[in-house]
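Chain and residue survey
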Amino acid sequence: MAEYSAPLGAPIWFDLMSSEPDKAAEFYGALFGWEAEDANPDFGGYRNFVKNGHRVAGMGPVMDPNGPSDVWSVYLHTDDPDATVKAVEAAGGSIMVPPMDVGDMGTMMVAVDTAGAVIGFWKPNTHPGFVEWGEHGTPYWFECQSKDYAKSIEFYRSAIGARIEEIGTGGDPDAIGPDHYGQVFIGENSYSGIMDSVKLFPPEVPSFWQVYVCVDDVAATVKQAEGLGAGVLMAGEETPYGTLAALADPFGAVFCLGHPPAGM
């Protein structure tokens, strides 16, 4: 396990909007060992998941029946939401939810980047976000699946001051899979990436941010998830970045699993 304190611009929190929050709490509790706090009626029934005594992720019920459902969201660290609004807009993005205080826990806002991906921001107060990385049930990686890779690269460079190190496939541009990938560095470390996903998803699927949760054994976790009612979108695959898998929980929310490469 590695202790984690999100630098400005890096992922600090992720949460689920679920159509079946009580059942989803049981699913993720069984899969990752997450304990669900009681739903807080003051915040629309939102609850936090706890791992190793620390909050690791959140979940809220669907509030708008005509809005998105069963989707994971990612939040980046900001220390000045008003300045972040200006930076997002200056970079060509838009504001979906303006800065709002969440009790004494912190301040949240939600933006839409120039490629159409929804991305949240969190200014912590008493709620620091997640504080562990790299152990079963804690974050592994975060990724923007972009339908306009060039726009995404420029947006995150401008809006959060990220340094992007691009990695090409070096292969046939018409081959199945992404043509480009950018690692998003904040300072000396990378906590997320941007995937050119035009060829990975049909046109009707918009750009989106994807979460990866670390697990001890990807194959065993995939099998366990299936037994709990999940769908398998990508079985465990060995990659230079670890063993990765993609699942849909029993209610349709997509999330990924990751386990580090040997020696890491």
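Definitions and cut-offs
Residues numbered from 1 in each chain as written. Predicted model: local features only at pLDDT ≥ 70, side-chain atom pairs only at ≥ 80, totals over all residues. Heavy atoms only, no water. Helix = DSSP H or I, 4+ residues; strand = E, 2+ residues; numbered from the N terminus. Buried < 20%, exposed > 50% of the residue type's maximum accessible area, 1.4 Å probe, protein only. Areas by Shrake-Rupley, 256 points an atom, 1.4 Å probe, with all protein chains shown as cover. Lys, Arg positive; Asp, Glu negative; His and termini not counted. Charge placed at Lys NZ, Arg CZ, Asp CG, Glu CD. Core = buried A, V, L, I, M, F, W, Y, C linked by side-chain atoms within 4.5 Å. Contact = heavy atoms within 4.5 Å. Pairing = 2+ DSSP bridges. Axes fitted to C-alpha atoms, helices over the stretch in contact; angles between N-to-C directions.

Structural notes on the overall build of the protein chain
Helix and strand counts for the protein chain stand at 4 helices and 18 strands. In terms of overall dimensions, the protein chain has a C-alpha envelope of 50 × 45 × 40 Å along the principal axes. The buried share of the protein chain, taken over its 264 residues, is 48%. Summed over its atoms, the accessible surface of the protein chain is roughly 12,200 Å², and 54% of this surface lies on carbon and sulfur atoms. The centroid of the 12 positive side-chain charges in the protein chain is displaced by 2 Å from the centroid of its 37 negative side-chain charges.

A closer look at unusual backbone geometry
Phi at Asn 52 is positive, roughly 55 degrees, even though this residue is not glycine. Looking at the element boundaries, Asn 52 is found in the loop between strand S4 (47–51) and strand S5 (54–61). Since its relative accessible area comes to 41%, Asn 52 is described here as partly exposed. You will see that Asp 70, though not glycine, has its phi angle at about 55 degrees, which is positive. As for its position among the elements, Asp 70 is in the loop between S5 and strand S6 (71–77). Asp 70 sits in the buried class, given a relative accessible area of 11%.

Thoughts on the nonpolar core
Grouped together as the largest cluster of nonpolar side chains are 64 residues, with contacts concentrated most on Phe 14, Tyr 28, Phe 32, Trp 34, Trp 72 and Phe 255. When neighbours within four sequence positions are excluded, Phe 255 is seen to be in contact with Phe 27, Tyr 28, Leu 31, Phe 32, Trp 72, Val 211, Ala 245, Ala 246, Leu 247, Ala 248 and Asp 249. Listed in part, the 9 residues of the second largest apolar core include Tyr 181, Cys 214, Leu 244 and Cys 256.

Some thoughts on the sheet that holds S4
What the 8 strands build is an open sheet, ordered S3-S4-S5-S2-S6-S9-S8-S7; its pairing is mixed. Each edge of the open sheet is held by one strand with a lone partner, namely strand S3 (35–36) and strand S7 (94–102). Bridge count between S6 and strand S9 (residues 118–124): 3 bridges; the pairing is parallel. Along S9, the bridge assignment pairs Leu 76 with Phe 121. Helix H2 (residues 81–90) rests against S7, strand S8 (106–112) and S9 of the sheet, and its axis sits at about 175 degrees to S7.

On their own, these measurements won't tell you what the molecule is for.
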